[in-house]
Amino acid sequence: MSTKAPATARPPVVHTYDDIIEEDNELPKWWVGTLLLCTAFGVAYYMAYSMYGIFDNPDIAFEKESAITRAKEAERLKAEGPVDKAALLLLSKDSATVADGAQVFTTTCAVCHAANGGGGIGPNLTDDAWLHGGAPDAIYKTINEGVTGKGMPAWGPQLGSKRVKAAAAYVITLRGTKVAGGKEAQGAPFEGD
Ligand code: HEC
């Protein structure tokens, strides 16, 4: 035991309950310093992000990046030239493009249209009936823009024009192949390209 009497150095007792003594100890300086620093940081952070917009919140940052991506994609599409019937028909006869399209179809479309295109949640793509048109440009448009509210997502933003074109080329090759066990026909009969 120490010989020094600690009695006078003890901080004042502020509260006693059930023999438990509460003292008024001074908080360590590092602790108070950390608290103040964190508080100041929190206030500055809030002001910088939420009040004055000095830095972008994640949703704003995301929106800005998306806008840049969209602008680039639009730019690229313009440079690529129009996606017209003739170009799509040509692509549907290019085996490399059709193979790419088949790949996209398997990974992205088969869940709703069946692996062989016979339909499921989505319509049969191998018959002669089309809800949104069976012409190449109509098929491209349906895939690219989707059908809002009908469960067909817009694939353009997710896949990009190259893969949408490949998927369209592949769907063009499916037309009229009438796979076994396909869904019943929906829509109007296809009148030709
Ligand atoms: C989540 C399910 C779903 C996925 C995934 C999906 N589709 Fe669809 N698709 C649908 C539905 C539902 C419709 C019918 C919309 C309607 O009723 O107007 C449709 C319609 C279509 C049509 C128009 C058919 C017609 O009769 O006019 C085409 C073409 C098509 N999809 C191609 C694709 C391609 C290619 C992909 C993959 C990139 C794809 N779909 C992925 C659900 C899906």
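In the block above lies the structure referred to throughout.
Keep in mind it's a predicted model, so treat the numbers as computed, not measured.

**Student:** Explain the overall build of the protein here, please?
**Tutor:** Tallying secondary structure elements over the protein gives six helices and four strands in all. Taken from the N to the C terminus, the helices and strands of the protein come in the order β-β-α-α-α-α-β-α-α-β. The C-alpha radius of gyration computed for the protein amounts to 33 Å, which surpasses the reference 16 Å derived for 193 residues by more than 25%, pointing to a less compact arrangement than a globule. With the C-alpha coordinates of the protein rotated into their principal frame, the extents come out at 105 × 40 × 30 Å. Relative to its full complement of 193 residues, the protein shows a buried share of 26%. Nonlocal contacts in the protein, meaning residues at least 24 apart in sequence, comprise 60% of its contacts between residues at least 6 apart.

**Student:** How should the packing of aromatic side chains be read in this particular structure?
**Tutor:** Aromatic ring pairs are defined here through the distance separating the ring centres and the angle between the ring planes. Tallying each qualifying case throughout the model produces four aromatic pairs. Their ring planes at 40° and their centres at 5.7 Å tell us that Phe-41 and Tyr-45 sit as a pair that is tilted. One end of the pair is Phe-41 and the other is Tyr-45, both in helix H1 (residues 29-51) and four residues apart, which spans about a single turn. The class for Phe-41 is exposed, based on a relative accessible area of 57%. Residue Tyr-45 is classed as partly exposed on the basis of its relative accessible area, which comes to 44%. By way of ring pairs, the aromatic residues Phe-41, Tyr-45, Tyr-49 and Phe-55 are connected into one cluster.

**Student:** What should I look at first to understand the packing of helix H5 (residues 136-145) against helix H6 (residues 156-174) in this one?
**Tutor:** Helix-helix packing is characterised by the crossing angle of the two axes and by the distance between the axes. At a minimum axis distance of 9 Å, the contact between H5 and H6 shows a crossing angle of 145°. At the point where H5 passes H6, the crossing takes the right-handed sense. Taken together, the residues of H6 that come into contact with H5 (itself represented by Pro-136, Ile-139, Tyr-140, Ile-143 and Asn-144) are Gly-156, Pro-157, Ser-161, Val-164, Lys-165, Ala-167, Ala-168, Val-171 and Ile-172. When the residues that make up the contact of H5 with H6 are grouped by side-chain class, the tally is ten nonpolar, three polar and one charged.

**Student:** Can you help me understand the site of the ligand in this one?
**Tutor:** Lining the immediate environment of the ligand, one finds 22 residues, of which Cys-109, Cys-112, His-113, His-132 and Met-152 sit closest. The separation between an oxygen atom of the ligand and a polar main-chain atom of Leu-131 is 2.8 Å. Judged by the proximity of its atoms to the pocket grid, the ligand belongs to the largest pocket. Mapped by element, the contributors of at least two residues to the shell around the ligand are helix H4 (95-113), H5 and H6. Here the shell around the ligand gets five residues from one element, more than from any other, and that element is H4. Here the residues of the shell around the ligand sort into 15 nonpolar, six polar and one charged.

**Student:** Help me understand a nonpolar patch on the surface, please; the structure alone is not making it clear to me.
**Tutor:** A contiguous nonpolar surface patch, about 750 Å² in accessible area, is contributed by Val-43, Tyr-46, Met-47, Met-51, Tyr-52, Ile-54 and Phe-55. Tracing the backbone shows Tyr-52 in the loop between H1 and helix H2 (58-80). Classification of Tyr-52 as exposed rests on a relative accessible area of 56%.

**Student:** Would you mind going over the layout of surface pockets with me for this structure?
**Tutor:** Sizing a probe to match a water molecule and rolling it over the atoms shows the empty space that remains. When its volume is computed, the largest pocket comes out at roughly 530 Å³. In this structure, the largest pocket is lined by 29 residues; those nearest its centre are His-113, Pro-123, Leu-125, Thr-142 and Met-152. When contributions to the lining of the largest pocket are tallied by element, the ones reaching two or more residues are H4, H5 and H6. For the lining of the largest pocket, the element with the most residues is H4, which contributes six residues. Forming the boundary of the second largest pocket are Ser-66, Thr-69, Arg-70, Lys-72, Glu-73, Arg-76, Gly-156, Pro-157, Gln-158, Leu-159, Gly-160 and Arg-163.

**Student:** Even after reading the chapter, I still don't get H6, so can you show me in this structure?
**Tutor:** Two residues of an α-helix separated by three or four positions point the same way, owing to the 3.6 residues in each turn. For H6, built from 19 residues, the straight-helix expectation of 27 Å at 1.5 Å per residue is missed by more than 12%, its first-to-last C-alpha distance being only 20 Å. Along H6, 14 of the 19 residues are buried, which leaves the element largely enclosed by surrounding structure. The first or second residue beyond H6 is Gly-176, which carries a positive phi of 75°.

The rules behind these values
- Residues numbered from 1 in each chain as written.
- Predicted model: local features only at pLDDT ≥ 70, side-chain atom pairs only at ≥ 80, totals over all residues.
- Heavy atoms only, no water.
- Helix = DSSP H or I, 4+ residues; strand = E, 2+ residues; numbered from the N terminus.
- Rg over C-alpha atoms; globule rule 2.2 N^0.38 Å.
- Buried < 20%, exposed > 50% of the residue type's maximum accessible area, 1.4 Å probe, protein only.
- Contact = heavy atoms within 4.5 Å.
- Phe/Tyr/Trp six-rings, centres within 6.5 Å; stacked < 30°, edge-to-face > 60°.
- Axes fitted to C-alpha atoms, helices over the stretch in contact; angles between N-to-C directions.
- Left-handed = near helix turned anticlockwise from the far one by under 90°.
- Nonpolar A, V, L, I, M, F, W, Y, C, P; charged D, E, K, R; others polar.
- Near = heavy atom within 4 Å.
- Polar contact = N/O pair within 3.5 Å; in protein donor to acceptor, adjacent residues only side chain to side chain.
- 1 Å grid on protein atoms, 1.4 Å probe; cavity = no way out; pocket = protein on both sides within 12 Å on 5 of 7 lines; lining within 4 Å.
- Sits in = over half its atoms within 2 Å of the grid points.
- Patch = residues over 30% accessible without salt bridge, like charges linked within 9 Å, V, L, I, M, F, W, Y side chains within 5 Å.
- Areas by Shrake-Rupley, 256 points an atom, 1.4 Å probe, with all protein chains shown as cover.
- Salt bridge = Lys/Arg side-chain N within 4 Å of Asp/Glu carboxyl O.
- Points joined across faces, edges and corners; volume = space filled by probe spheres on them.
- Expected span 1.5 Å × (residues − 1).

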